[in-house]
Amino acid sequence: MGYHALRCIIRHPELELAGLWVHSPEKVGRDAGDLADLDPVGVAATNDVDALLATDAECVCYTATADLRPEEALQDICRILAAGMNVVSTSIVSLVHPRGGDDAVQQMVDRLEAACREGGTSCFTSGIDPGFANDLLPITLMGACERIESVRIQEILNYATYEQPEVLFNTMGFGQPLDRTPLLLLPGVLGFAWGGVIRMMAEAAGAELEEIREQFERATFDRDIVLPYGTVEAGTQAGLRFEVQGIVDGEPKIIAEHVTRLDDDVAPEWPTQEGTQGFYRIIVKGSPSLDCRLEIESEDGDHNTGGLVLTAMRVLNAIPAVVAAEPGVLSALDLPILGGHGSMHQTQRP
């Protein structure tokens, strides 16, 4: 994510890169443009956090993964906010909707709110999923309905080109035996990650959410899947399908569903990509019923790269609104419609 966010910042006509925080020693001192595979921009990467916080930047884009380091990521963000810099982030996905979460989410929000008050700053977390595909997009569609019976948001994608081995193998469990439970499938983790968007849709619809339920199934494949970043051996997890369900009136009425494969032929009985690279689909049952499909493709023709760029731009385009907002932890419901201001005038290409 950091690579794509950095490229988007450098190429954006209305954003100026003030500094770059890196963790790998071999990246320290290198030009940010070089690290983004672009022309030099005159900003050297550093691991000196104090020096970065001493700059006059108005906002920090924080994209470091938080799946296996949520406390460290939270401490980083609180430190930045308390120092007087606003934050847009893709990292702690349970903060996509900070209101109404469980005790663990509320404790994080309380710490962030305290840091916002100290620094007079604001914090916004979003992305594609959790994020735009299952909050603002379905909420916009729901706003055109007379009556809503249910809403289901599906992500149906092949992740083979998603070059994040830590996330795929360790967090999601791909390549692991089915008798081993990965982090994502531990009880409560799916609800922790996607509960925010379920709560946000319920709030937008004025529905009383009774509970959040989780269910999942895993699939193997009959041959090895060889990827640039690792091999998924036959008989290990090669597909994952899960639902996070918001229960209203005793029934699952707000559902976030993922169908994830590393080969198109895995689990053919599951919902398929229908001959595409994959898509997001929002199905609203009611009056009227709506069925909307979102397909994403990047400049290199890949859907996963496109999703990473969308994730970055969802928060980067929010920077002016976040900087202008009153101090606090924000959700998409607290911000105006973000139209990608300045994007049509972008001229620098890869």
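As the structure is a computational prediction, the values presented were derived from the model and not from experiment. (Residues numbered from 1 in each chain as written. Predicted model: local features only at pLDDT ≥ 70, side-chain atom pairs only at ≥ 80, totals over all residues. Heavy atoms only, no water.)

Chemist: Where do I start with the pairing of strand E13 (residues 290-294) in this structure?
Modeler: Within a regular strand, the side chains alternate between the two sheet faces. The pairing of strand E12 (residues 278-287) with E13 spans 5 bridges and is antiparallel. Following the sheet pairing, Val284 is matched in E13 by Leu290. As consecutive antiparallel partners, E12 and E13 are separated by 2 residues. (Pairing = 2+ DSSP bridges. Helix = DSSP H or I, 4+ residues; strand = E, 2+ residues; numbered from the N terminus.)

Chemist: Looking at this model, I keep getting lost on the sheet that holds strand E14 (residues 328-330). Mind explaining?
Modeler: The pairing of strands in a sheet comes from backbone hydrogen bonds and takes either a parallel or an antiparallel form. Pairing is parallel across the open sheet formed by 4 strands, whose spatial order is E3-E4-E5-E14. With partners counted over all chains shown, the strands left at the sheet margins are strand E3 (59-62) and E14, one partner each. Sheet twist, expressed as the mean angle between neighbouring strand axes with direction ignored, is 15 degrees. (Axes fitted to C-alpha atoms, helices over the stretch in contact; angles between N-to-C directions.)

Chemist: Where do I start with the packing of helix H1 (residues 2-11) against helix H9 (residues 303-316) in this structure?
Modeler: Each packed pair of helices is defined by two parameters, the angle between the axes and the distance between the axes. At a closest axis distance of 9 Å, the pairing of H1 and H9 adopts a crossing angle of 60 degrees. The angle between H1 and H9 places the two elements in the oblique class. Seen along the crossing, H1 lies across H9 with a hand that is right-handed. Here His4, Ala5, Cys8 and Ile9 of H1 lie close against H9, whose contacting residues are Thr305, Leu308, Val309, Ala312, Met313 and Leu316. Along the lines of polarity and charge, the residues of the contact of H1 with H9 split into 8 nonpolar, 2 polar and no charged. (Parallel < 35°, antiparallel > 145°, perpendicular 65-115°, else oblique. Left-handed = near helix turned anticlockwise from the far one by under 90°. Contact = heavy atoms within 4.5 Å. Nonpolar A, V, L, I, M, F, W, Y, C, P; charged D, E, K, R; others polar.)

Chemist: Can you help me understand the packing of aromatic side chains in this one?
Modeler: For any pair of aromatic rings, the description rests on two quantities: the centre-to-centre distance and the angle between the ring planes. Going through the model one piece at a time under the given rule, you end up with 4 aromatic pairs. Over the ring of Phe279 we find Arg293; its NZ or CZ atom is 4.4 Å from the centre of that ring. (Phe/Tyr/Trp six-rings, centres within 6.5 Å; stacked < 30°, edge-to-face > 60°. Lys NZ or Arg CZ within 6 Å of the ring centre and 35° of its normal.)

Chemist: Quick question: what am I supposed to make of the pattern of salt bridges here?
Modeler: In a structure, side chains of opposite charge can pair up when their charged atoms sit close to one another. For the coordinates displayed, the defined rule picks out 20 salt bridges. Among the ionic pairs, Asp50 bridges to Arg79, the shortest N-O distance being 2.5 Å. Of this pair, Asp50 sits in helix H3 (residues 49-53) while Arg79 sits in helix H4 (residues 70-82), and the two are 29 residues apart along the sequence. Here Glu295 ties to Arg293 by a salt bridge, and the two come within 3.0 Å at their closest N and O atoms. (Salt bridge = Lys/Arg side-chain N within 4 Å of Asp/Glu carboxyl O.)

Chemist: Got a minute to help me understand the packing of H4 against helix H5 (residues 103-119) in this structure?
Modeler: Their axes nearest at 7 Å, the elements H4 and H5 cross at an angle of 20 degrees. Comparing the axis directions of H4 and H5 gives the class roughly parallel. The element H4 and its partner H5 pack so that their crossing is right-handed. Counted together, Glu71, Leu74, Gln75, Ile77, Cys78, Leu81 and Ala82 of H4 and Met108, Arg111, Leu112, Ala115, Cys116, Glu118 and Gly119 of H5 form the full contact between these two elements. Across the contact of H4 with H5, the residue classes tally to 9 nonpolar, 2 polar and 3 charged.

Chemist: Whenever I open this one, the sheet that holds strand E6 (residues 147-158) confuses me. Can you help?
Modeler: The 6 strands are arranged E7-E10-E11-E6-E12-E13 in an open sheet whose pairing can be described as mixed. Edge positions in the sheet fall to strand E7 (211-220) and E13, since each of these pairs with one other strand and no more. On average, each strand axis in the sheet is inclined to that of its neighbour by 10 degrees, with strand direction left out of account.

Chemist: Explain the environment of Val259 to me, please; I cannot follow it from the model alone.
Modeler: With respect to the helices and strands, the residue Val259 is situated in strand E11 (residues 251-261). Sequence separation of Val259 and Leu330 is 71 residues, and the distance between their C-alpha atoms is 29 Å. Not counting residues within four places of it along the chain, the set of residues in contact with Val259 comprises Glu155, Ile156, Leu157, Leu240, Arg241, Trp270 and Pro271.

Chemist: Explain H1 to me, please; I cannot follow it from the model alone.
Modeler: In an α-helix, one turn spans 3.6 residues; hence positions three or four apart end up facing the same way. Counting buried residues in H1 gives 8 out of 10 residues, a clear majority hidden from the surface. Burial in H1 covers these residues: His4, Ala5, Leu6, Arg7, Cys8, Ile9, Ile10 and Arg11. On its buried side, H1 packs onto strand E1 (20-21), helix H2 (32-35), E3 and H9. (Buried < 20%, exposed > 50% of the residue type's maximum accessible area, 1.4 Å probe, protein only.)

Chemist: Just to check I follow, could you spell out the pairing of strand E4 (residues 86-89) for this structure?
Modeler: A two-sided burial pattern is seen for E4, the buried positions comprising Asn86 and Val88 on one face and Val87 and Ser89 on the other. The pairing of E3 with E4 spans 4 bridges and is parallel. Bridging from a neighbouring strand, Cys59 pairs with Asn86 of E4. Pairing of E4 with strand E5 (residues 122-125) involves 3 bridges; the strand directions are parallel. The residue of E5 that forms the bridge with Val87 is Cys123. Chirality of the crossover, the property in question, places the unit of E4, H5 and E5 among those that are right-handed. (Right-handed = clockwise from strand over helix to strand, strands pointing away.)

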